[in-house]
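# Examination of the molecular architecture
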Amino acid sequence: MQASRPFRTAIVPAAGLGTRFLPTTKTVPKELLPVIDTPGIEMVAAEAAEAGASRLLIVTSPGKDAVAAHFAPQPELEATLAARGKDALAAKVRRAAELIEAGTVTQDEPKGLGHAVGCAGDALGPDEDAVAVLLPDDIVLAAPGEPSVLSRMAAVRERLGGSVLCAFDVPREQISAYGVFDVDDTVDSGDPDVKRIRGMVEKPPADQAPSTLATAGRYLLDRQIFDALKRISPGSGGELQLTDAVALLIAEGHPVHVVVHRGGRHDLGNPGSYLRAFVDFALAHPDYGPALREWLTDRLTFPDEPVRGA
């Protein structure tokens, strides 16, 4: 069963300081901020496990031990909850530890996403020929009735080999805020949402963008990425960029494809978009959604009234 996995390890870079959420992130890592009652990194771990990962490798910085601790069993808490008849809550506490095996590597200095991914290279088993990278700020939601985008990416790698990235289609007037893919159609993929990547352009002017396909925070990378990371030069700010390593592989003939994601996506990386994610998930929650919808409707009907409680 283990040999049939498309990949075993999912790398989650989580070494950042979370400056946009200060002062909260002085003591609480950004990756543990909840969407309703579930930390974003647990949602990312569930996506990785569903696509076939058995291990989550968290790249942390000194002082962020709490991120990995979230995935450790809490038998005393579980026993207390069970004794009080709170079985559903005990199951929620157990979920993270049961989802996936979690481990850590340390990034001592903030030298970019490429450097963070490279820190995890030596922790892979000798038989692992591919690794997933999931950015914890991005919550990528499958379209109704569809597999996760990471599962789709694994299927593309199985058919076409190489590395597979994720993209989402954005309006051209917004494209200059993103890294953008230069792509060709892939006739042999059998899927119009699978493209061969020719190159990547960082934040181009809208009228010069090679496509409207923007980079997203999901990567399924051939193990050759770690060799490429050792051969690229630091860019702006002395940082190693993962996209530069991918571009090097493309230049050397390594097959790299992109899967266009048509489902939902939330960015937890700044307070404004985090708030939208929280509201979106809350509206869909069977316990909280109806009352919140009613309150929001009333609040938006009378926007100039003083803020009121629930």
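Just above, that's the structure.
Residues numbered from 1 in each chain as written. Predicted model: local features only at pLDDT ≥ 70, side-chain atom pairs only at ≥ 80, totals over all residues. Heavy atoms only, no water.

### As for the pairing of strand β11 (residues 213-222)
Where burial is concerned, most of β11 is hidden: 9 out of the 10 residues are buried. Strand direction decides the pairing type here: strand β8 (residues 163-169) and β11, joined by 5 bridges, are antiparallel. Bridge assignment links A167 to a residue of β11, and that residue is T215. (Buried < 20%, exposed > 50% of the residue type's maximum accessible area, 1.4 Å probe, protein only. Helix = DSSP H or I, 4+ residues; strand = E, 2+ residues; numbered from the N terminus. Pairing = 2+ DSSP bridges.)

### Here we look at helix α8 (residues 242-251)
For α8, the complete set of buried residues consists of L242, A245, V246, L249 and I250. For α8, the buried positions fall inside an angular range of 145° around the axis, keeping them on one side. Against α5 (113-119), β8, β10 (194-202), β11, α7 (224-231) and β12 (256-261) lie the buried residues of α8. Where α8 terminates, the next one or two residues include G253, which has phi positive at roughly 90°. (Arc of directions from axis to C-beta. Contact = heavy atoms within 4.5 Å.)

### Focus on the pattern of salt bridges
Under the definition given, this model contains 21 salt bridges. A salt bridge links R265 to D138; the shortest N-O distance between them is 2.7 Å. Residue R265 is found in strand β13 (residues 265-267), and its partner D138 is found in strand β7 (residues 138-140); the two are separated by 127 residues along the sequence. Connected via shared salt-bridge partners are R8, R55, D127 and E128. (Salt bridge = Lys/Arg side-chain N within 4 Å of Asp/Glu carboxyl O.)

### Describing the pairing of β10
Put simply, side chains in a regular strand alternate between the two faces of the sheet. Two strands pair when backbone bridges link them, and strand β9 (residues 179-185) and β10 are joined in this way by 7 bridges, in the antiparallel orientation. For F181, the partnering residue across the bridge sits in β10 and is M200. In terms of strand pairing, β10 meets β12 through 3 bridges, oriented antiparallel. Within β12, the position partnered with V194 by the bridge is V259.

### So, empty space enclosed by the protein
Taken as a whole, this structure holds 1 cavity of 30 Å³ or more when the rule is applied. When its volume is computed, the largest cavity comes out at roughly 70 Å³. Surrounding the largest cavity, K30, E31, L33, G40, I41, P136, D137, L268 and Y274 form its lining. (1 Å grid on protein atoms, 1.4 Å probe; cavity = no way out; pocket = protein on both sides within 12 Å on 5 of 7 lines; lining within 4 Å. Points joined across faces, edges and corners; volume = space filled by probe spheres on them.)

### Things to note about the packing of aromatic side chains
The final tally for this structure, using the stated rule, is 3 aromatic pairs. Seen in terms of ring centroids, F168 and Y178 are 5.4 Å apart; in terms of plane orientation they differ by 90°. Their pairing is edge-to-face. Of the two residues, F168 is situated in strand β8 and Y178 in the loop between β8 and β9; the sequence distance between them amounts to 10 residues. Using a relative accessible area of 11% as the deciding quantity, one classes F168 as buried. Under the relative-accessibility criterion, Y178 is labelled partly exposed at 24%. Taken together through their ring pairs, the aromatic side chains of F21, Y274 and F278 make up a single cluster. (Phe/Tyr/Trp six-rings, centres within 6.5 Å; stacked < 30°, edge-to-face > 60°.)

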